Amino acid sequence: MNPKLTRSQQKTICSQLGRVKLQLLYKASIHGFTGAAFHQRCDTHSPTVSVGYNASGFVFGGYTKQPFSQSGQYVNDDQAFLFTFSGEKLLKYPVTVPANAVRMVGNSGPYFGEALVLANGSQPVVYNNPGNYYNFNAAEMHGNDLNLTECEVYHVEETKELEKPWRTVIWESETRTELMENIKSYKPPVSSVSQIRVLLIGPVGAGKSSFFNSISSVFRGHVTNPAMSGSFTSSLTTQFRSYSLKAGQEGKPLPIILCDTMGLEESTGSGLNIDDISNILKGHLPDRYQFNPSVPLDSEAPSYRKSPVLKDKIHCVTYIIDACKVSIMPTKLEEKLEAIRRKVNLMGIPQLVLLTKVDEACFLVKEDVRNVYKSDYIKEMMQEVSTRLGVPLSCVVPVKNYSEELELDPNCDILLLSAVKQMLRFADNYFDDISDQFSKMELKE
C-alpha cells in the first residue's frame, strides 16, 4: 500500500508536528469510500492526518490528536487544524472552536467540525462549509472541486530513538583516518587487477553521481563536484563513466573505480536500457559510451570491447536507493531492479545497497548523522529496501552524500568510507569465488 502523499508533502506536514513520521492506515481506493471502512482502519489511532485529493490537483485535509470513533459526539481538540498545499507550501487553518473540532460520525470519513468532511455519507465527495469551527477559503482549499479521487488517513508516530545503536560505529577522527588508510592500502587479491570496478545503479535522482562526488571530496579534503549531479526528472548521466578516485589532488589512484550509469526510469524506453547491463557487467562497454535508452550497444559496433579481461569486468554492483522514496517506489521501477538483480545473480557478482538521503528521511539523523543506527525509522527503511530488493539486511548501508555543504563533516565521511570498505570486501568475495571456480576447473582437467 503506497502513499499518494509525496515524501516532500509528508515532511512539510511533519514539520508542523515535531519529530514524527506518517504511517498510512487507510486508503479509500483500496479499502473503500465508506464510513465503515474508514472507522475499521482508523478508530483508536491518534494523532492522525487525513488527506483528500481531487481531479483538480488539490491536496487538502486535517489533523487531530483525538482518536476517531462512531459516538456521534463532538470532541475537543485545541491543536486540530485544516490544511491545503499551495505548491510545496502548507496553508494552515487552525480550529476556532476547539470544543467542536472533530465530530465522530459513523457513516462518513474524517469529519472536522461542520466545516470539512472527507468521504461524506460514504461517498467519494467532500462536505464543505467554511466558518463552522474553522475559517478557510474554499477556492483556496480545494478549488471548489468536491469530488474525491482519493482519501487517505495517516497515523502520526513519534520518530523513536533506540536505546542503543543496532550497528556499532566508533564516531572518532581516528576511525575516519583508519578507514582512509585501509582503502588506500587495499590490493585486490588477483595480480592482474589493480583497481576493483564497482557499478552504481539506481533511479534518477537517487544520488549515484553525488556518491562519487562525496567520496572524491573525502579524499581531496574539501567538497568537490567532478561528476554532474542534481535534482532532475530525467538522468543527468547520459554516458557510461568510469571514475578513478585519487588520494588527494595529485595523489595516487585509489584501488577502486566507480562506474556511473544512466539513471533508471519507470517508463519503458527511457533511462538505462536493461540489456546494456549485461554488456557493462562483462566489460564490453567503453568509458564515455553514450547510452541509447531505446537500443543497447550492438556487439558489432566499433566501440564494443570484444575481448574484455578480468580488470575490465564489474566486481561489485551497488544499488543507490533514496531513503525518502523507498515506500513509494513505483512497481515498474521495482520490476526493472528485479530484472537487473537476476542478471547480476546469474553472473555471481556481489550486490550492495546504499540507502542515501537518510538525513532528509529522518529528523533524528538530520539533527545528528550519528543517530543513523539509533533511528527506528531508518532501520525500518533499511528492512523495507532489503525486502523489496531481495538482499540481506547486512548488504544495506546508509550514507549521507554531500549536496549543500561547503565543508566536510567527519561523521558523514565515516559513513561514506564505511560504504567503500564494504565494496572492497564484496569485491574480495567475487575474486574468491572466481578463484574457487578456476580451482575446480583445474581439478576436472
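Because the structure is a prediction, the values reported are computed rather than measured. (Residues numbered from 1 in each chain as written. Predicted model: local features only at pLDDT ≥ 70, side-chain atom pairs only at ≥ 80, totals over all residues. Heavy atoms only, no water.)

### As for the domain arrangement of the protein
Note the following rule: The domain limits used here are those given by an automatic or database domain assignment. In this description, contact between two residues means that some pair of their heavy atoms is separated by no more than 4.5 Å. When two parts are put together, the accessible area they lose, computed with a 1.4 Å probe and summed over both, is reported as buried area.
We note that the domain assignment places domain 1 (7-158) and domain 2 (173-443) within the protein. With eight residues of domain 1 in contact, the opposing surface of domain 2 contributes ten residues. Of the roughly 800 Å² buried between domain 1 and domain 2 on both sides combined, carbon and sulfur atoms contribute 52%. Counting the surface domain 1 buries against domain 2, the share from its top three residues, Arg-7, Arg-19 and Lys-21, is 72%.

### Digging into the pairing of strand 12 (residues 196-201)
The two faces of a sheet get side chains in turn, since along a regular strand they alternate between them. Heads up, the rule is: The buried label goes to any residue with under 20% of its type's maximum accessible area, the exposed label to any with over 50%, and the partly exposed label to all in between, with areas taken from a 1.4 Å probe on protein chains only. We count a stretch as a helix when DSSP gives it H or I for four or more residues in a row; a strand needs E for two or more, and each element gets its number in order from the N terminus. Only strands that DSSP links by at least two bridges are regarded as paired with each other.
Counting buried residues along strand 12, six of its six residues qualify, which places the element largely inside the surrounding structure. Going residue by residue along strand 12, you find Ile-196, Val-198 and Leu-200 tucked away on one face and Arg-197, Leu-199 and Ile-201 tucked away on the opposite face as well. Relative to strand 14 (residues 253-260), strand 12 runs parallel, the two being bridged by five bridges. Considered in strand 14, the bridge of Ile-196 is made with Ile-256. When strand 12 meets strand 16 (residues 316-322), the two strands line up parallel, connected through four bridges. The residue of strand 16 that forms the bridge with Val-198 is Cys-316.

### Focus: the environment of Val-372
On the secondary structure map, Val-372 appears in the loop between helix 10 (363-367) and helix 11 (376-389). Put simply, Val-372 and Pro-165 are 207 residues apart on the chain and 8.2 Å apart in space, counted from C-alpha to C-alpha. For Val-372, the residues in contact, after removing those within four places along its chain, are Trp-171, Val-358, Val-365, Ile-378, Pro-398 and Leu-415.

### Some words on the pattern of salt bridges
Here is the rule: For salt bridges, the criterion is a side-chain nitrogen of Lys or Arg within 4 Å of an Asp or Glu carboxyl oxygen.
According to the stated counting rule, one finds 19 salt bridges in the structure shown. We note a salt bridge from Lys-311 to Asp-312, for which the minimum N-O separation is 3.5 Å. Take Lys-311: its relative accessible area is 44%, and that puts it in the partly exposed class. Overall, the relative accessible area of 13% leaves Asp-312 in the buried class. Note that Lys-400 is salt-bridged to Glu-405, the shortest N-O span being 2.4 Å. For Lys-400, a relative accessible area of 8% translates into the label buried. Note on Glu-405: relative accessible area 22%, which makes it partly exposed.

### Examining the packing of helix 7 (residues 274-282) against helix 8 (residues 331-346)
Where we set the bar: In this analysis, axes come from line fits to C-alpha atoms, helices being fitted only over the stretch in contact, and the angle between any two N-to-C directions falls in the range 0 to 180 degrees. Should an angle lie under 35 degrees it is considered roughly parallel, over 145 roughly antiparallel, and from 65 to 115 roughly perpendicular; all remaining angles are considered oblique. Left-handed describes a crossing whose near helix is turned anticlockwise from the far helix by less than a right angle; the clockwise case is right-handed. Residue polarity follows a fixed list, in which Ala, Val, Leu, Ile, Met, Phe, Trp, Tyr, Cys and Pro are nonpolar, Asp, Glu, Lys and Arg are charged, and the others, Gly among them, are polar.
Running from N to C, helix 7 and helix 8 point in directions that differ by 30°, and their axes come no closer than 10 Å. Judged on the interaxial angle alone, helix 8 and helix 7 are roughly parallel. In the crossing of helix 7 with helix 8, the sense of the turn from one axis to the other is right-handed. Counting all contacts with helix 7, which are made through Ile-274, Asp-275, Ile-277, Ser-278 and Leu-281, the residues of helix 8 involved are Lys-336, Ala-339, Ile-340, Lys-343 and Val-344. Residues of the contact of helix 7 with helix 8, tallied by class, amount to six nonpolar, one polar and three charged.

### Points about the nonpolar core
To keep it simple, the criterion reads: Buried Ala, Val, Leu, Ile, Met, Phe, Trp, Tyr and Cys residues form a nonpolar core when they are joined through side-chain atoms within 4.5 Å.
Phe-211 and Ile-256 are the most contacted members of the largest nonpolar core, which has 91 residues in total. Tallying contributions element by element places helix 12 (residues 410-444) first for this core, with 14 residues. Sequence-distant contacts of Phe-211, defined by excluding residues within four places in its chain, comprise Leu-200, Leu-258, Leu-354, Asn-401, Leu-416, Ala-419, Val-420 and Met-423.

### Structural notes on helix 8
What counts here: Each helix should span, by expectation, one fewer than its residue count multiplied by 1.5 Å.
Counted at 1.5 Å a residue, the expected span for helix 8 with its 16 residues is 22 Å, and the 23 Å between its end C-alpha atoms agrees. When helix 8 is considered as a whole, its buried residues turn out to be Leu-333, Lys-336, Leu-337, Ala-339, Ile-340, Arg-341 and Val-344. Considering only its buried residues, helix 8 is in contact with strand 12, helix 7, strand 16, strand 17 (351-356) and helix 11. Of the residues flanking the end of helix 8, it is Gly-348, one or two places downstream, whose phi is positive at about 70°.

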